[in-house]
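Residue-level structural notes
Here is what each chain is made of, one letter per residue.
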Amino acid sequence: MVFLIIFQIAKASEYVIVLKGEKKALKQNNKINGFFMIAFLIAGLIGVYLCDDALRGKTLLVHESASVQGEKVDQMLNVTLIITGAVFVITQILLFWFAYKYQESDKRKAYYFPHNNTMEIVWTVVPAIALTILVVIGLRNWFSFTGEAPKNALEVEVTGKQFGWVFRYKGDDGTFGKKYYRMIDDANNPLGLNWRDSTEYKIKDDPATHDDIVLQQTVYVVKDRPVKFIINSRDVVHDVGLSWFRLKMDAVPGTPTTLWFTPKFTTKEMIEKTGNENFQYEISCDQMCGNGHYSMKGVIQVVTQAEFDAWMAKQKPAYFAAFPEKDPANQKPTTPVAPAADTTKSTAKAEVAQKAKI
Ligand SMILES: [Cu+2]
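Here goes a summary of the coordinates provided.

Rules and cut-offs
Here the residue index of a chain counts from 1 through its sequence in written order. Residue-level local features of this predicted model are given only where pLDDT is at least 70; pairs of side-chain atoms are given and counted only at 80 or more, and the full residue set underlies all totals for whole chains, interfaces and linings. Where side-chain values are given, they derive from all heavy atoms of the structure, hydrogens and water being excluded. For Na, K and Ca the donor cutoff is 3.2 Å, while for all other metals N, O and S atoms must lie within 2.8 Å; water is not among the atoms, so some sites may look incomplete. Geometry assignment treats four donors as tetrahedral when all angles are between 85 and 135 degrees, treats four as square planar and six as octahedral when opposite donors are over 155 degrees apart and all others between 65 and 115, and treats everything else as irregular. Only protein chains enter the calculation, and the probe is 1.4 Å; a residue is then buried if its accessible area is under 20% of its type maximum, exposed if over 50%, and partly exposed in between. The pocket and cavity definitions rest on a 1 Å grid over protein atoms only: a 1.4 Å probe that fits but cannot leave marks a cavity, an open set with protein on both sides within 12 Å along at least five of seven lines marks a pocket, and residues lining either have an atom within 4 Å of a point. Grid points are joined across faces, edges and corners, and a volume is the space filled by probe spheres set on the points. In DSSP terms, a helix is any run of H or I states spanning at least four residues, a strand is any run of E spanning at least two, and both are numbered starting from the N terminus. As a working rule, the residues Ala, Val, Leu, Ile, Met, Phe, Trp, Tyr, Cys and Pro are called nonpolar, Asp, Glu, Lys and Arg charged, and the rest polar, with Gly in that last group. Patch members must show over 30% relative accessible area and no salt bridge, and they are joined within 9 Å when carrying like charges or within 5 Å when they are nonpolar side chains of Val, Leu, Ile, Met, Phe, Trp or Tyr. Here, Shrake-Rupley sampling with a 1.4 Å probe gives the accessible areas, and only protein chains in the shown set may cover a residue. Any carboxyl oxygen of Asp or Glu within 4 Å of a side-chain nitrogen of Lys or Arg constitutes a salt bridge here. Positive charges come from Lys and Arg, negative ones from Asp and Glu, while His and the chain ends are left out of the count. A charged residue contributes its charge at one atom only: NZ of Lys, CZ of Arg, CG of Asp or CD of Glu. Within 6.5 Å between ring centres, the rings of Phe, Tyr and Trp (the latter by its six-membered ring) count as paired, and their orientation is classed by plane angle as stacked under 30 degrees, edge-to-face over 60, tilted in between. The rule for a charge over a ring is simple: NZ of Lys or CZ of Arg within 6 Å of the ring centre, and within 35 degrees of the ring normal. In the analysis that follows, any N or O atom pair within 3.5 Å is treated as a polar contact, provided that within protein one partner can donate a hydrogen and the other can accept it, and provided that, for residues neighboring in sequence, both atoms belong to side chains.

1. A closer look at the coordination of the copper ion
- Coordination of the copper ion by the protein comes from H238 (ND1), C285 (SG), C289 (SG) and M296 (SD), over a distance range of 2.0 to 2.4 Å.
- Classification of the site at the copper ion rests on its four donor atoms, whose angles at the metal span 92 to 124°, yielding the label tetrahedral.
- For the copper ion, the single-chain donor residues occur in sequence as H-x46-C-x3-C-x6-M. For the pair formed by C285 and C289, the shared burial category is buried.

What follows is the structure, encoded as C-alpha cells:
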C-alpha cells in the first residue's frame, strides 16, 4: 500500500512536470531515479546476504544428509543453487547498473539494436544444455532410488491412512501375506490382511499373513543397510516425506510406489550430532490429505543390526493379537490364573467378532 502511494505520487508529480514543460526538473528527477537504482541494488544484495545469514541455520542445508542417496540430492541442489545463484547475482547487477549508467543524457543517442542471431542462439543453447544436464542427473538418481533395491535390503511396507502410518514386516517366512481392503478393521486389522476365510469377499485364509509384523507410527530400520519402502495408501493420497534422508514419495491408493535408501547414522548418533536430545527421524505427510494432516507424524528409529535383531525378536505377529487363541504363548498350561481369564475373555470376544463378520 505504502509503495503504491509513493509510486502514484511520483507519477503524478512527473505528469505535472511534463505539463509545465520544466525540462530541467525532469533531468533532475532522472538523476535521482538513477541513484535509487544503485541504492536499491546495494540494499537488495545486502538484504539477500543478511537473510541467508539469519535463516541458513534454521534450514536442513546445514545438516548433512542422513542417507547415502540423499547426498546425491544435496549435490544436485547445490549445483542448481550455484548456477541459478550466479545467474541471479550477475543479471541483477547488470539490470540495475545499466539502468543507472545508461540513463537519459543529451550527450548520446540510443543505439537501435533490434536483433542478433548469435546472441539468440547463445542464450537459448547455453541454458538448454545446463538444464538438460541437471535433468539427466536428476532422472538417473530418480531411477536409482525408485528402482531395484540391493539384495540385502530390508523391505518394509508403509501404508498411509487418515491420519497416521502403518508399517508391516514380512515375518519369518520372508513374504508379505495377501490383503484385501474390505478386510480392514481398525480394531485389529488396520491393513486388511487375509487371515481368515470369508465367503462374502471370496477370500481364503493366507498363512503368509500369520507371521507378518504390523506396527503403528514407529518403524525400525538398520544403519548402513538399505531399506526399501513399499508405499501404499488406505484412503487418499499421502506422501512419505523424509527430509533428513532428503527423499519423499507419494502414497497412492491402489498403486504401490517404492523408494529405497541407506541410513548413515543411528538415531542415537543423530542426537549427539545435532545436540538435540529429542531428535527423531520424522516421516511427515507431504500431501494435504485432510483435517488431521498436520498430525500424521511417523517416526523412523535407525538402530544397529544387533539392536534391530533384539527388537525384532520381541515383536509378535499381528495375527496373534487378532486371534489370541492361536498364540502359542497362550496355550501353555502354566499361565497364571488371572491373565488366563483375560485371555479367554478376549478369545471369546474375538470369536464372536469373527463369526459376526463371516
Ligand atoms: Cu497424509
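2. Here we look at the layout of surface pockets
- Of the voids in this model, the largest pocket is the one considered here, and its volume is about 570 Å³.
- As for the largest pocket, its lining consists of 14 residues, of which I6, F7, A10, N33 and F36 are closest to the centre.
- Those elements that place two or more of their residues in the lining of the largest pocket are α1 (2–20) and α2 (23–55).
- If one sorts the elements of the lining of the largest pocket by residue count, α1 sits on top with seven residues.
- By residue class, the composition of the lining of the largest pocket is nine nonpolar, three polar and two charged.

3. A few points about a positive patch on the surface
- A contiguous patch of positive charge, built from K31, K101, K107 and R108, is present on the exposed surface.
- Along the chain, K107 falls in the loop between α3 (68–101) and α4 (117–146).

4. Re the packing of aromatic side chains
- Throughout the structure, instances matching the rule amount to 18 aromatic pairs.
- Relative to F261, the ring of F229 lies with its centre 5.6 Å away and its plane at 85°, an arrangement referred to as edge-to-face. Here the residue F229 occupies a position in strand β5 (residues 227–233), and F261 occupies one in strand β8 (residues 257–261), the gap between them amounting to 32 residues.
- When the ring centre of F265 is taken as reference, the NZ or CZ atom of K273 above it lies at 4.3 Å.

5. Notes on the environment of T59
- Tracing the sequence through the fold places T59 in the loop between α2 and α3.
- Using a relative accessible area of 33% as the deciding quantity, one classes T59 as partly exposed.
- Within the structure, the side chain of T59 is placed 2.8 Å from the backbone oxygen of R56, a separation counted as a polar contact.

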